[in-house]
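Listed here are the chains, written in short residue letters.
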Amino acid sequence: MAASKARSQLPAPLYVAAAYVFFLGVPTLLCVVIGLSRPGVLTFLHYAVATAYAVTSLMMLLEARTAIPRRKAGRTHTETLPTMPLTTVIVSAYLPNEQDLIAETILRLTTQMHVPSYKLQIILAYNSPDDLPVEAELASFGQLNASFMPLRVVGSRSKAQNILAALPYARGEMTVLLDADHHPHPDAFERAYRWLEAGYDVVQGRCVVRNQKENLLTRLVSIEFEQIYGISHTGRSLAMDTAIFGGTNGYWRTSVLQEIGMDERMLTEDIDSSVRAMLAGHRIIHDRSVISTELATTTLRSWWTQRLRWAQGWFQVTLRHQAAIWRSEHLNRRTKLYWTYMLTWRELFPLLSLQIFALLIAALVLRIPVDWVRNWYLAGTTVITLSSGPLVAIATYRIALWRTKKSLRPWFFIFAVTSLFYTTLKNMVAMVAMLREFRGESPWVVTTRQSAESKAKVKANEKAAARATRRPERVQLDA
């Protein structure tokens with residue numbers, strides 16, 4: 001999970017500066033040149049950019065409206081869950097990064113799921129550059145529980161390679177893919193299997209942040225995940241009967257996963273496998289009642305590297321599969337159009353959204369007035385754009401899990417107010433990702449994961465080491 005190409009990496013500030021030069025500075029100069037000769041074209045461009053904002057905002061509102069239940073939903077005591085077949089769970093891990101988490105994850109899987117142990121096969125597919133003490137503990141788990149198999153993948157540098165190494169050992173009818181920090185709810189496997197019985201081939205569950213209160217970033221990411229899985233994925237699945245596998249808390253028909261596999265060359269092998277499965281005629285659905293908790297990134301640096309990999313991976317998938325989606329015989333026109341919005345429009349919008357600043361700067365330089373108040377179209381699209389973020393935040397609060405509402409209630413308001421700025425930040429990440437892809441730089445950087453307990457141990461050890469190094473110095477000075 002730490003692979004990188006031979007091409008040297010440029011520093012992030014240089015990429016950010018280059019992104020704004022290419023995607024804002026150059027268009028601003030072009031707008032000024034165009035405005036000098038044909039000012040009417042600038043007005044047309046204002047309408048085009050305003051339309052781009054409105055399209056994205058309306059799609060967000062559509063997903064939110066679709067995702068909110070018309071009647072109060074909840075788990076009832078009369079709900080029946082299916083009898084489970086043999087189920088394989090593949091947990092992917094990069095142990096130097098996740099050695100403090102993995103034992104707890106495996107223990108929960110072997111003791112707390114509603115699937116009997118004789119119907120559960122757990123494969124820990126991990127890579128590690130060095131031998132670690134935790135490997136002995138994992139080996140002892142295998143001796144105590146025959147359903148657990150630790151599999152060290154020698155030479156692996158990615159999660160995709162770990163999964164590919166584990167697939168030949170998968171014996172279950174359903175295969176569950178989890179990251180090392182994931183704790184599925186006890187009934188998650190049964191809830192997902194209902195959809196496989198109904199004819200679907202892949203089920204994506206809901207990922208919920210459990211270290212919500214650690215800092216400002218984890219609070220915002222927690223609400224963002226509620227929006228992604230509770231609103232966007234759910235609305236898409238209900239409205240279009242399509243979904244994506246997001247890399248973890250995913251449930252595959254084993255035969256389909258073995259057919260599709262994972263492409264280790266892709267930064268987001270999960271999205272790539274989703275599209276390839278869909279193009280092969282397999283069906284994917286999202287179910288937000290299939291819950292698993294995970295750890296959010298706790299530092300801006302980790303957030304940046306994670307989101308940069310996601311953005312660049314989506315860009316790779318767009319370049320690779322958009323044309324195939326248009327040609328597909330398995331997809332109807334509506335699904336093709338929606339996936340064009342999901343891929344091509346997703347890549348274009350960060351660039352288009354930035355052009356409003358190019359147009360405003362050009363208008364200011366050329367002293368061309370922009371009438372935002374009396375022009376009903378510009379005023380209307382502005383209202384839609386500015387209101388969509390807060391409205392989706394309100395919808396997210398309505399469908400959020402009760403514990404998220406309870407612990408983060410005021411933060412939903414903060415998230416709503418800052419949604420435009422947060423979106424702008426993610427758009428900047430997307431532009432940097434494009435430049436990295438064009439340059440051929442695509443390192444697989446591990447997302448740092450560390451539980452609060454392990455952090456406390458590290459701090460305690462650091463303090464003890466600091467005290468130990470200070471004491472000899474005092475003795476020498478006294479002497």
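Since the model is a prediction, treat every value here as computed from it, not as a measurement.

Novice: Pulling in residues and values, what's your account of the overall build of the protein chain?
Specialist: Summing up its helical and strand segments, the protein chain has 14 helices and eight strands in all. Burial statistics for the protein chain: of 479 residues in total, 54% are counted as buried. A sequence separation of at least 24 residues applies to 84% of the contacts in the protein chain between residues at least 6 apart. Accessible area of the protein chain: about 23,200 Å², with a carbon and sulfur share of 61%.

Novice: Kindly report on the packing of helix α1 (residues 12-37) against helix α2 (residues 39-67), identifying the contributing residues and their values.
Specialist: Orientation of α1 relative to α2, taken along the N-to-C sense of each, is 130°, at an axis distance of 5 Å. By the angle between their directions, the pair α1 and α2 is classed as oblique. Residue-level inspection shows Cys-31, Ile-34, Gly-35 and Ser-37 of α1 in contact with α2, the latter providing Pro-39, Val-41 and Leu-42. Of the residues belonging to the contact of α1 with α2, the class tally is five nonpolar, two polar and no charged.

Novice: Lay out the sheet that holds strand β6 (residues 202-209) in plain terms, naming residues and giving numbers.
Specialist: Spatially, the eight strands line up as an open sheet ordered β3-β2-β1-β4-β7-β6-β8-β5, and their pairing is mixed. Sheet topology places β3 (148-152) and β5 (183-184) at the edges, where each strand pairs with a single neighbour. Here strand β1 (residues 87-94) runs beside strand β2 (residues 120-127); their pairing, made up of eight bridges, is parallel. Residue pairing for β2: Thr-87 is matched across the bridge by Leu-120. Sheet strands touched by helix α7 (residues 216-240): β6 and β8 (284-294). Its angle to β6, the strand with the most contacts, is close to 155°.

Novice: An account of the packing of aromatic side chains is requested, with residue identities and associated values reported.
Specialist: Per the stated rule, a full pass over the model turns up twelve aromatic pairs. When the ring of Trp-195 is compared with that of Tyr-200, the centres are 5.7 Å apart and the planes differ by 85°; the resulting orientation is edge-to-face. We classify Trp-195 as partly exposed; its relative accessible area is 26%. On the basis of relative accessibility, which here comes to 9%, the residue Tyr-200 falls in the buried class. Ring centres of Trp-303 and Tyr-422 lie 5.9 Å apart, and the angle between their planes is 40°; this geometry places the pair in the tilted category. Highlighted residues: Trp-303 in helix α10 (residues 300-327) and Tyr-422 in helix α13 (residues 402-439), separated in sequence by 119 residues. Taking the relative accessible area as the measure of exposure, Tyr-422 reaches 13% and is therefore buried. Site record: aromatic cluster; members linked through ring pairs are Tyr-47, Trp-376 and Tyr-377. A cation over an aromatic ring shows up here: Arg-283 above the ring of Tyr-200, its NZ or CZ 3.9 Å from the ring centre.

Novice: Which residues make up the pattern of salt bridges, and what are the values?
Specialist: Scanning the model with the defined rule gives 17 salt bridges in all. In this structure, the salt-bridge partner of Asp-272 is Arg-276, at a minimum N-O distance of 2.9 Å. One end of the pair is Asp-272 and the other is Arg-276, both in helix α9 (residues 269-279) and four residues apart, which spans about a single turn. Given a relative accessible area of 0%, Asp-272 falls into the buried group. In this structure, the salt-bridge partner of Glu-441 is Arg-436, at a minimum N-O distance of 3.6 Å. The exposure classification of Glu-441 matches that of Arg-436, with both residues buried. Salt bridges sharing common partners tie together Asp-263, Arg-265, Asp-272, Arg-276 and Arg-320.

Novice: Before we move on, can you summarise the nonpolar core with the specific residues and values?
Specialist: In this structure, Phe-23, Val-221, Trp-303, Trp-304, Met-431 and Val-432 are the most contacted members of the largest nonpolar core, which totals 46 residues. The set of elements that each furnish at least two residues to this core consists of α1, α2, β6, α7, α10, α11 (333-366) and α13. When residues in this core are grouped by element, the largest group, 13 residues, is from α13. The contacts of Phe-23, once residues within four sequence positions are left out, are Leu-351, Leu-354, Gln-355, Met-431 and Leu-435.

Novice: Outline the pairing of β6, listing residues and values.
Specialist: Successive side chains on a regular strand alternate, one facing one side of the sheet and the next facing the other. Most of β6 is tucked away, with eight of its eight residues classed as buried. Where β6 lies against strand β7 (residues 250-253), three bridges are found, and the strand directions are antiparallel. Within β7, the position partnered with Val-203 by the bridge is Tyr-251. In this structure, β6 lies alongside β8, joined through seven bridges in parallel fashion. Among the inter-strand pairings, Gln-204 is bridged to a residue of β8, identified as His-286.

Scoring rules and cut-offs
- Residues numbered from 1 in each chain as written.
- Predicted model: local features only at pLDDT ≥ 70, side-chain atom pairs only at ≥ 80, totals over all residues.
- Heavy atoms only, no water.
- Helix = DSSP H or I, 4+ residues; strand = E, 2+ residues; numbered from the N terminus.
- Buried < 20%, exposed > 50% of the residue type's maximum accessible area, 1.4 Å probe, protein only.
- Contact = heavy atoms within 4.5 Å.
- Areas by Shrake-Rupley, 256 points an atom, 1.4 Å probe, with all protein chains shown as cover.
- Axes fitted to C-alpha atoms, helices over the stretch in contact; angles between N-to-C directions.
- Parallel < 35°, antiparallel > 145°, perpendicular 65-115°, else oblique.
- Nonpolar A, V, L, I, M, F, W, Y, C, P; charged D, E, K, R; others polar.
- Pairing = 2+ DSSP bridges.
- Phe/Tyr/Trp six-rings, centres within 6.5 Å; stacked < 30°, edge-to-face > 60°.
- Lys NZ or Arg CZ within 6 Å of the ring centre and 35° of its normal.
- Salt bridge = Lys/Arg side-chain N within 4 Å of Asp/Glu carboxyl O.
- Core = buried A, V, L, I, M, F, W, Y, C linked by side-chain atoms within 4.5 Å.

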